[in-house]
Amino acid sequence: MGARKFGILSIPTIGCCPFARFVSNGTCSNETNDLASTCHTSFKSLMKNMSSTLEGFMYSLVNTYNMTMTVITQKIGKHKFSFHLQMPTYSTSAISLVSSGFKDVVSACCADKTPFGLSECLKGVHLCKYRDDYLFWDAFHPTEKASKLAATVVVSSQDPAFVSPINFGSLRKA
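Predicted model, so just to flag it, every value in this text is computed and none were measured. Residue positions are given per chain, counting from 1 as you read along its sequence in written order. Since the coordinates come from a predicted model, pLDDT governs what is reported: local features require at least 70, and pairs of side-chain atoms require 80 or more to be given and counted, while whole-chain, interface and lining totals use all residues. Neither water nor hydrogens contribute to the side-chain values; these are computed over all heavy atoms in the structure.

Novice: Hey, could you run me through the overall build of the protein in this one?
Specialist: Helix and strand content of the protein: 6 helices and 5 strands. Working definition: helices are DSSP H or I runs of at least four residues, strands are E runs of at least two. Numbering for both runs from the N terminus. Start at the N end of the protein and walk to the C end: the helices and strands fall as β-α-α-β-α-α-β-β-α-β-α. Only protein chains enter the accessibility calculation, which uses a 1.4 Å probe; a residue whose area is less than 20% of its type maximum is buried, one above 50% is exposed, and one in between is partly exposed. When burial is assessed residue by residue, the protein has 43% of its 174 residues classed as buried. Residue-level accessible areas treat just the shown protein chains as cover; the underlying method is Shrake-Rupley with a 1.4 Å probe. Here the protein displays about 9,800 Å² of accessible surface, and carbon together with sulfur accounts for 58% of that area.

Novice: Just to check I follow, could you spell out the state of the cysteines for this structure?
Specialist: The bond known as a disulfide is covalent and runs between the sulfur atoms of two cysteines. To count as a disulfide, a pair of cysteine sulfur atoms needs to be within 2.5 Å. Taken as a whole, this structure holds 3 disulfides when the rule is applied. Across a sulfur-sulfur distance of 2.0 Å, Cys16 and Cys28 are joined as a disulfide pair. Here Cys16 and Cys28 share a disulfide; its torsion about the S-S bond, 120°, makes the bridge right-handed. Taken together, the residues Cys16 in the loop between strand 1 (5-9) and helix 1 (18-23) and Cys28 in the loop between helix 1 and helix 2 (30-53) connect sequence positions 12 residues apart. Per residue, the accessibility class of Cys16 equals that of Cys28, and both read buried. No disulfide involves Cys17; its sulfur sits 8.2 Å from the nearest other cysteine sulfur, which is in Cys16.

Novice: What's the story with the packing of aromatic side chains in this structure? I'm lost.
Specialist: What describes a pair of aromatic rings is the distance from one ring centre to the other and the angle between the planes of the rings. Between the rings of Phe, Tyr and Trp (Trp by its six-membered ring), a pair exists once the centres lie within 6.5 Å; its type follows the angle of the planes, with under 30 degrees stacked, over 60 edge-to-face, and the other angles tilted. The final tally for this structure, using the stated rule, is 3 aromatic pairs. Both rings, one in Phe57 and one in Tyr59, keep their centres 6.1 Å apart while their planes meet at 35°; by these two values the pair is tilted. The burial state of Phe57 is the same as that of Tyr59; both residues are buried. Linked through ring pairs, Phe6, Phe57 and Tyr59 together constitute an aromatic cluster. Residue placement shows Lys145 over the ring face of Phe102; its charged tip is 4.7 Å from the ring centre. Counted as over-ring charges are cases with an Arg CZ or a Lys NZ within 6 Å of the ring centre that also lie within 35 degrees of the ring normal.

Novice: Explanation requested: unusual backbone geometry in the structure shown.
Specialist: Most of the time, phi is negative for any residue but glycine, and the peptide bond is trans. A cis amide bond, omega -5°, links Ser164 with the succeeding residue Pro165. Despite not being glycine, Asn25 shows a phi value in the positive range, around 55°. For Asn25, the position within the fold is in the loop between helix 1 and helix 2.

Novice: Would you explain the environment of Pro12 in this entry?
Specialist: Tracing the backbone shows Pro12 in the loop between strand 1 and helix 1. Pro12 gets classed as partly exposed once you look at its relative accessible area, which sits at 33%. The contact rule is simple, with two residues in contact once any of their heavy atoms fall within 4.5 Å. Setting aside anything within four residues of it in sequence, one finds Pro12 in contact with Ala36, Thr64, Tyr65 and Thr68.

Novice: Sorry if this is basic, but what is going on with the side chain of Thr70 here?
Specialist: Along the polypeptide, Thr70 turns up in helix 3 (residues 64-73). Within the structure, the side chain of Thr70 is placed 2.7 Å from the backbone oxygen of Asn66, a separation counted as a polar contact. N or O atoms closer than or at 3.5 Å make up a polar contact, with two conditions inside protein: a donor-capable atom paired with an acceptor-capable one, and, for residues adjacent in sequence, both atoms drawn from side chains.

Novice: Is there a simple way to think about the pattern of salt bridges in this case?
Specialist: Any two side chains of opposite charge can pair, on the condition that their charged atoms come close. We define a salt bridge as a contact between a side-chain nitrogen of Lys or Arg and a carboxyl oxygen of Asp or Glu at a distance within 4 Å. The tally for this structure, following the rule as stated, stands at 2 salt bridges. Among the ionic pairs, Lys103 bridges to Asp133, the shortest N-O distance being 3.8 Å. In this pair, Lys103 sits in the loop between helix 4 (95-98) and strand 3 (104-108) while Asp133 sits in the loop between strand 3 and strand 4 (134-136), placing the two residues 30 residues apart along the sequence. For Asp133, a relative accessible area of 18% corresponds to the buried category. For Lys148, the salt bridge is made with Glu144, and the minimal N-O distance between the two is 3.1 Å. A residue pair is termed a helical-turn pair when its members lie 3 or 4 positions apart in one helix, as Lys148 and Glu144 do in helix 5 (residues 144-156) at 4 residues. The same class applies to Lys148 and to Glu144, which are both exposed.

See below:
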């Protein structure tokens, strides 16, 4: 019969990582983010099709784009860089993401002291004093705090804006 349960993470807001912001003069790259968002839509269609045609097929699709954008947009107006983002409306179960407490959703924690922190995270490079204040660890990757927050949402959220049709915890038990 083969594998029948799949947990899939879609592509996050890659247009808002420190490197993409550097290339886009401080703003999120809408073009890149549109590609990430479209990829999720394609995954969603594919998973629905497969679940209706393959016996016993189950899945959980995580919208990492919406998850990350929720954290990023809570900082609008609180950071020196401009944002050009379009956000969907979320249910109240997004509260944990919105109240995540990140103080910097633009630059990297482990990097040089340029506005976005683009150097490689190597021995001797500048480390931010409070890692939990940062969304990004380096020019591309989330911090440990961001990863733990995402894992909590993936496993237990009931919010279809972030995970559907079921979360990873429910998929594991099914």
